[in-house]
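Commentary on secondary and tertiary structure
Chain by chain, the residues:
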Amino acid sequence: MKVQAPFVTKGFVTFCLIVAAAIILAASSCTVISPNERGVQVTLGQVEGGVIQPGMKFHAPFITRIRKFRLEPKTYEVSFSCGQDGAITKDMQTVGSTVAVRYVYDERRIMDIVTRYLNDAVIQSAMRDNVKASLKETVGQYSIYDLVEKQNEVTGKVAQAMLTRMADYPIDISQTTITNWDWSDDFDKQIKETANRAQEVKKAEQDLKLAEQQAQKQVKEAEAKKAAIEQEAEAALIKAQKEAEAKKVEADALAYYNAKVAQNYQVEIRLKELEIELERAKRWDGRQVPEYVPLTAAGGIVNLPSAKN
């Protein structure tokens with residue numbers, strides 16, 4: 001049993017065509033601008049109105065189109081080899097580099113992009129030329145050795161030169177960085193040799209510094225020992241002086257004692273003499289007595305018999 005295909009009338013086809021045309025017409029007359037976009041309406045090559053803000057924009061189909069510009073940051077990177085495109089340093093060395101420029105469209109000058117520049121490619125072409133000019137101008141102020149040692153300074157000057165050169169373009173440059181340097185293989189070999197020599201010099205300086213520190217340490221130790229010896233000698237001298245003073249005081253005391261003893265002895269002798277004279281005086285009978293008085297071994301007076309006995 002055969003199944004016949006549904007019969008399609010001519011009117012149905014016409015209806016479908018009309019619906020399709022309406023959809024195409026509606027799509028051609030409506031443009032949606034995203035939040036990070038801005039638009040400019042161009043009708044038959046002529047700019048109409050101002051900058052279109054985010055939202056839905058209706059316009060004449062086919063003859064009018066909306067040019068959209070994204071306001072998100074972009075990065076434009078350009079590389080220059082160390083050959084003919086390279087920059088020449090102060091010491092006549094040719095170097096290449098890679099420069100990255102981060103920028104965004106200036107929302108206030110979007111109309112300039114449409115009226116003064118055909119598209120973004122024109123701006124990027126100008127950016128490439130200005131990067132090359134800024135780089136050559138800055139690199140010419142430094143030797144090839146300074147480029148690495150003063151990389152931040154060089155990058156800052158290139159960035160400032162880019163801001164000046166691109167001031168008339170409808171973009172805002174937020175950052176310019178030099179991500180790489182390129183030079184010849186011969187100079188790369190020379191750099192390595194220089195680095196090795198620098199390492200040797202640095203090692204020699206470190207060894208010299210270590211020797212100086214060791215010598216200073218020995219000098220300090222010798223000075224400390226000298227100071228200790230001097231302190232010990234001074235202490236011994238003070239001790240000897242104190243001992244000498246003590247002995248002098250002791251000798252003086254002994255001499256004083258001996259003098260007192262001698263003085264007392266003389267006094268005792270004199271007292272004895274006075275006692276003898278007193279005794280003679282007591283026994284004197286008017287006659288002349290001997291000029292001497294016999295004494296016993298104990299020191300007593302010997303009784304002499306009188307003459308009349």
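Residues numbered from 1 in each chain as written. Predicted model: local features only at pLDDT ≥ 70, side-chain atom pairs only at ≥ 80, totals over all residues. Heavy atoms only, no water.

**Here's the deal with the sheet that holds strand β3 (residues 46-52)**
This is how it is decided: For two strands to be treated as a pair, DSSP must find no fewer than two bridges joining them. Comment: elements are numbered from the N terminus, with helices defined as DSSP H or I runs of at least four residues and strands as E runs of at least two. Each axis is a line fitted through C-alpha atoms, taken for helices only over the stretch in contact, and angles between the N-to-C directions span 0 to 180 degrees.
Strand order in the open sheet formed by three strands is β3-β2-β5, and the pairing between neighbours is antiparallel. Every other strand in the sheet has two partners, leaving β3 and β5 (64-70) as the edge strands with one partner each. Averaged over all pairs of adjacent strands, the angle between their axes in this sheet comes to 25 degrees, without regard to strand direction. Here strand β2 (residues 37-43) runs beside β3; their pairing, made up of four bridges, is antiparallel. Within β3, the residue paired with T43 across the bridge is Q46.

**Remarks on unusual backbone geometry**
We count it as follows: Burial classes: relative accessible area under 20% of the type maximum marks a residue as buried, over 50% as exposed, and values in between as partly exposed (1.4 Å probe, protein chains only).
Despite not being glycine, M92 has its phi angle at roughly 65 degrees, a positive value. On the basis of relative accessible area, M92 is assigned to the exposed category, the value being 65%.

**Points about the packing of aromatic side chains**
Definition in use: When two rings of Phe, Tyr or Trp (its six-membered ring) have centres within 6.5 Å they constitute a pair, described as stacked for plane angles under 30 degrees, edge-to-face for angles over 60, and tilted for the intermediate range.
As enumerated under the stated definition, the model contains one aromatic pair in all. Geometrically, the ring pair formed by F69 and Y105 is edge-to-face, given 5.9 Å between the ring centres and 85 degrees between the ring planes. Of this pair, F69 sits in strand β5 while Y105 sits in strand β8 (residues 94-105), and the two are 36 residues apart along the sequence. For the pair F69 and Y105, one class covers both residues: buried.

**Considering a nonpolar patch on the surface**
To keep things clear, this is the line we draw: In this analysis, a patch consists of residues with relative accessible area above 30% that form no salt bridge, clustered at 9 Å for like charges and at 5 Å for the nonpolar side chains Val, Leu, Ile, Met, Phe, Trp and Tyr. In these tables, accessible area is a Shrake-Rupley quantity obtained with a 1.4 Å probe, and a residue counts as shielded only by the protein chains included in the view. Whenever a carboxyl oxygen of Asp or Glu lies within 4 Å of a side-chain nitrogen of Lys or Arg, that contact is scored as a salt bridge.
Together, F12, V13 and L17 line one region of the surface with nonpolar side chains, adding up to about 300 Å² of accessible area. Tracing the sequence through the fold places V13 in helix α1 (residues 10-28).

**As for helix α3 (residues 120-139)**
The test is simple: Given a helix with a known number of residues, its expected span is that number minus one, times 1.5 Å. Should any heavy atoms of two residues lie within 4.5 Å, those residues are considered in contact.
Over its 20 residues, α3 runs 28 Å from end to end, which matches the ideal 28 Å to within 8%, given 1.5 Å per residue. All of the buried residues in α3 are D120, I123, A126, M127, N130, V131, S134, L135, T138 and V139. On its buried side, α3 packs onto β6 (74-80), β7 (87-88), β8, α4 (144-149), α5 (151-165) and β9 (171-182).

**Focus on the nonpolar core**
Quick note on the threshold: Note on terminology: a nonpolar core comprises buried Ala, Val, Leu, Ile, Met, Phe, Trp, Tyr and Cys residues joined through side-chain atoms within 4.5 Å.
Ranked by size, the top nonpolar core spans 37 residues in total, and within it V95, M127, V131, L135, I171 and W181 carry the most contacts. Every element with two or more residues in this core is listed here: β2, β6, β8, α2 (110-116), α3, α4, α5 and β9. No other element matches the six residues that α3 contributes to this core. When near neighbours in sequence (up to four residues on either side) are disregarded, L135 contacts F80, A87, S97, V99, V158, I178 and W181.

**Quick notes on the side chain of T138**
Stated precisely, the cut-off is as follows: The definition of a polar contact used here is a pair of N or O atoms within 3.5 Å, where within protein one atom must be able to donate a hydrogen and the other to accept one, and adjacent residues in sequence count solely through side-chain atom pairs.
With respect to the helices and strands, the residue T138 is situated in helix α3. Only 2.9 Å separates the side chain of T138 from the backbone oxygen of S134, close enough to count as a polar contact. Contact partners of T138, with chain neighbours within four places excluded, come to V154, K157 and V158.

**With respect to the confidence of the model for the protein**
Detailed reading of the predicted model is not advised wherever pLDDT is low. Here is the rule: In predicted models, pLDDT denotes the confidence assigned by the predictor to each residue on a 0 to 100 scale.
Across the protein, pLDDT averages 79, with 84% of residues at or above 70. Between residues 1-5, whose pLDDT stays under 50, and residues either more than four places distant or in other chains, the model counts zero contacts.

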